[in-house]
Amino acid sequence: MITIKNRFIPFGTYKAINLFGLVFTKFPLSHSELNHEKIHSRQLVELLVIGFYLWYVVEWLIRIIQFKDLKRAYFNICFEREAYANEANLNYLKHRKWYSSFRYLKNK
Ligand SMILES: [Zn+2]
């Protein structure tokens, strides 16, 4: 995975963003943060990139309507829930089943 450290991307308070498998960050990432981005890279591949971004945005919009809270909506996107739940497990991707993200669709 290629990580690009820079001063501008991602915007705001986010630590990193995975764009088409390239990780942009303003700060050095911890092992678990890197693992979080690797999980997103796997999700990207599974949904052929465009499917991932389409699903991500549509689910985020639905969660905004559902929760009326941007941060809560973000943390409830199935891709984020899977990545946050498993980022500390550095062996997660070795045992992960395909399309595991969709197991995280249930509401918190
Ligand atoms: Zn994430």
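Everything below is about the structure printed above this text.
Owing to the predicted nature of the structure, the values given are computational and were not obtained by experimental measurement.

Cut-off values and rules
- Residues numbered from 1 in each chain as written.
- Predicted model: local features only at pLDDT ≥ 70, side-chain atom pairs only at ≥ 80, totals over all residues.
- Core = buried A, V, L, I, M, F, W, Y, C linked by C-beta atoms within 7 Å.
- Buried ≥ 20, exposed ≤ 12 C-beta atoms within 10 Å, placed from the backbone.
- Helix = DSSP H or I, 4+ residues; strand = E, 2+ residues; numbered from the N terminus.
- Axes fitted to C-alpha atoms, helices over the stretch in contact; angles between N-to-C directions.
- Parallel < 35°, antiparallel > 145°, perpendicular 65-115°, else oblique.
- Left-handed = near helix turned anticlockwise from the far one by under 90°.
- Contact = placed C-beta atoms within 7 Å.
- Nonpolar A, V, L, I, M, F, W, Y, C, P; charged D, E, K, R; others polar.
- Pairing = 2+ DSSP bridges.

(A) Representation of the nonpolar core within the structure. Core analysis: the largest hydrophobic core is formed by seven residues, namely Ile39, Leu44, Phe52, Tyr56, Ile77, Phe79 and Ala83. Those elements that place two or more of their residues in this core are α1 (31-46), α2 (50-67) and α4 (78-86).

(B) Up close: the packing of α1 against α4. Two numbers describe how α1 lies on α4: the axes approach to 9 Å, and their chain directions differ by 140°. In terms of orientation, α1 lies oblique with respect to α4. For the crossing formed where α1 meets α4, the hand is right-handed. Contacts between α1 and α4 pair His36, Ile39, His40 and Gln43 from the former with Phe79, Glu82, Ala83, Tyr84 and Asn86 from the latter. When the residues that make up the contact of α1 with α4 are grouped by side-chain class, the tally is four nonpolar, four polar and one charged.

(C) The arrangement of the sheet that holds strand β1 (residues 2-5) in detail. Pairing within the open sheet is mixed, and its three strands lie in the order β1-β3-β2. Edge positions in the sheet fall to β1 and β2 (16-19), since each has one partner strand and no second. Each adjacent strand pair in this sheet contributes to an overall mean axis angle of 25°, direction not counted. As paired elements, β2 and strand β3 (residues 22-25) share four bridges and run antiparallel to each other. Its bridge partner being in β3, Leu19 is matched across the sheet by Leu22. Along the sheet, α1 makes contact with β2 and β3, crossing β2 at roughly 25°.

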